[in-house]
Amino acid sequence: MEWYEALILGLIQGLTEFLPVSSSGHLIIGQTLFGTNSDEDLLFAVIVHAATVCSTLVVLRKEIADLFKGCFSTKAWNPQKDYVAKIFVSMIPVFIIGVFFKDYVEAIFGEGMIVVGCCLIVTALLLGFSYYAKPRQKETISYRDAFIIGLSQAVAVLPGLSRSGTTIATGLLLGNKKEQVANFSFLMVIIPILGQALLDLLDMVSGNIPQTPVLSLVLGFLAAFLSGCVACKFMIGIVKRGKLIYFAIYCLLMGAFSIIYSL
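Residues numbered from 1 in each chain as written. Predicted model: local features only at pLDDT ≥ 70, side-chain atom pairs only at ≥ 80, totals over all residues. Heavy atoms only, no water.

Chemist: How would you sum up the UniProt feature "transmembrane region" (unreviewed entry) in the protein? Please name residues and give values.
Modeler: UniProt marks residues 42-60, 83-101, 107-129, 181-202, 214-238 and 244-262 with the feature "transmembrane region" (unreviewed entry), using the numbering shown here. The straight-line gap between the two end C-alpha atoms of residues 214-238 is 35 Å; of that span, 100% is helix and 0% is strand. Its end C-alpha atoms 27 Å apart, residues 244-262 is made of 95% helix and 0% strand. (UniProt positions renumbered as here; feature names shortened; annotations may be inferred. Helix = DSSP H or I, 4+ residues; strand = E, 2+ residues; numbered from the N terminus.)

Chemist: Just give me the short version of the packing of helix H8 (residues 113-132) against helix H10 (residues 163-173), but keep the residues and values in it.
Modeler: Contact geometry for H8 and H10: axes closest at 9 Å, N-to-C directions at 30°. With respect to H10, the axis of H8 lies roughly parallel. As for the relative orientation of H8 and H10, their crossing is left-handed in sense. Counted together, Leu-126, Leu-127, Phe-129 and Ser-130 of H8 and Gly-165, Thr-166, Ala-169 and Leu-173 of H10 form the full contact between these two elements. Residue classes in the contact of H8 with H10 are distributed as 5 nonpolar, 3 polar and no charged. (Axes fitted to C-alpha atoms, helices over the stretch in contact; angles between N-to-C directions. Parallel < 35°, antiparallel > 145°, perpendicular 65-115°, else oblique. Left-handed = near helix turned anticlockwise from the far one by under 90°. Contact = heavy atoms within 4.5 Å. Nonpolar A, V, L, I, M, F, W, Y, C, P; charged D, E, K, R; others polar.)

Chemist: Could you give an account of the environment of Gly-237, with specific residues and numbers?
Modeler: Tracing the sequence through the fold places Gly-237 in helix H13 (residues 214-241). By relative accessible area, Gly-237 is classed as buried at 17%. The spatial distance from the C-alpha of Gly-237 to the C-alpha of Lys-178 is 9.5 Å, given a sequence separation of 59 residues. (Buried < 20%, exposed > 50% of the residue type's maximum accessible area, 1.4 Å probe, protein only.)

Chemist: Any details on the state of the cysteines? Residues and values, ideally.
Modeler: By the definition in use, this model includes 0 disulfides. Among the cysteines around Cys-119, which has no disulfide bond, Cys-118 carries the closest sulfur, lying 6.9 Å off. The exposure class of Cys-119 is buried, given its relative accessible area of 10%. With no disulfide of its own, Cys-229 lies 7.8 Å from the sulfur of Cys-232, the closest cysteine sulfur. (Disulfide = S-S within 2.5 Å.)

Chemist: I'd like to hear about a nonpolar patch on the surface, residue by residue, with values.
Modeler: Together, Ile-92, Phe-95, Ile-96, Val-99, Phe-100, Phe-101, Tyr-104, Phe-147 and Leu-151 give the surface a local cluster of nonpolar side chains, amounting to about 910 Å² of exposed area. Looking at the nonpolar patch, the elements that each hand over two or more residues are helix H6 (92-100) and helix H9 (143-155). The leading source of residues in the nonpolar patch is H6, at 5 residues. On the secondary structure map, Phe-147 appears in helix H9. (Patch = residues over 30% accessible without salt bridge, like charges linked within 9 Å, V, L, I, M, F, W, Y side chains within 5 Å. Areas by Shrake-Rupley, 256 points an atom, 1.4 Å probe, with all protein chains shown as cover. Salt bridge = Lys/Arg side-chain N within 4 Å of Asp/Glu carboxyl O.)

Take a look at the structure:
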């Protein structure tokens with residue numbers, strides 16, 4: 001992987017991890033167009049996903065610090081512990097997918113841009129529906145809502161089905177407030193991404209670590225981290241203003257392009 005390819009792919013990952021347009025789908029599109037090596041793709045994906053987690057930690061540092069402070073409080077139960085418990089409830093579906101269906105998901109990733117295109121169109125439909133639906137708003141995210149949002153995150157492991165778009169749209173359709181859904185969507189993914197990155201690294205260590213140039217990995221990480229910080233803050237503002245319909249149009253166009261290109 002050349003340094004400029006890593007830079008571009010890192011920017012793609014950082015921007016699309018938080019924008020509702022599917023980072024995995026765009027990485028596959030970019031890697032297909034560049035024709036990069038599949039082994040390099042895996043190591044690079046681990047690095048840039050770790051970078052976007054770091055972006056989340058930086059942008060939502062106040063919220064995360066508040067949760068940590070509350071969790072170590074001497075009180076038996078408080079709002080922070082309740083919130084963290086909901087995050088763990090949301091992770092149950094994706095944990096089941098990762099443990100029992102990992103091979104099936106990886107096989108789907110091998111199908112290429114045709115699957116990405118179809119899933120991008122599904123993302124567009126979901127974003128469009130959440131934009132026009134006007135359910136009654138709730139004050140807080142319930143445990144039931146957390147689990148349903150977690151189910152949508154588990155389904156969004158498919159390439160082209162945006163994780164942030166699917167979880168945010170699901171939360172909005174359940175009647176949760178926009179800012180609450182955006183923050184919950186970004187916080188709930190930290191542990192699953194880090195866990196998957198650790199498992200992928202262990203797999204590579206037990207086999208052969210791809211000889212990806214260090215410069216490419218460093219540039220990819222920095223590009224994903226910096227663009228991720230921008231995209232995370234931007235996306236929270238976009239969700240507050242309810243402008244997801246524009247991303248629905250974009251996903252529809254990219255989905256059509258992916259299908260046409262693959263054919």
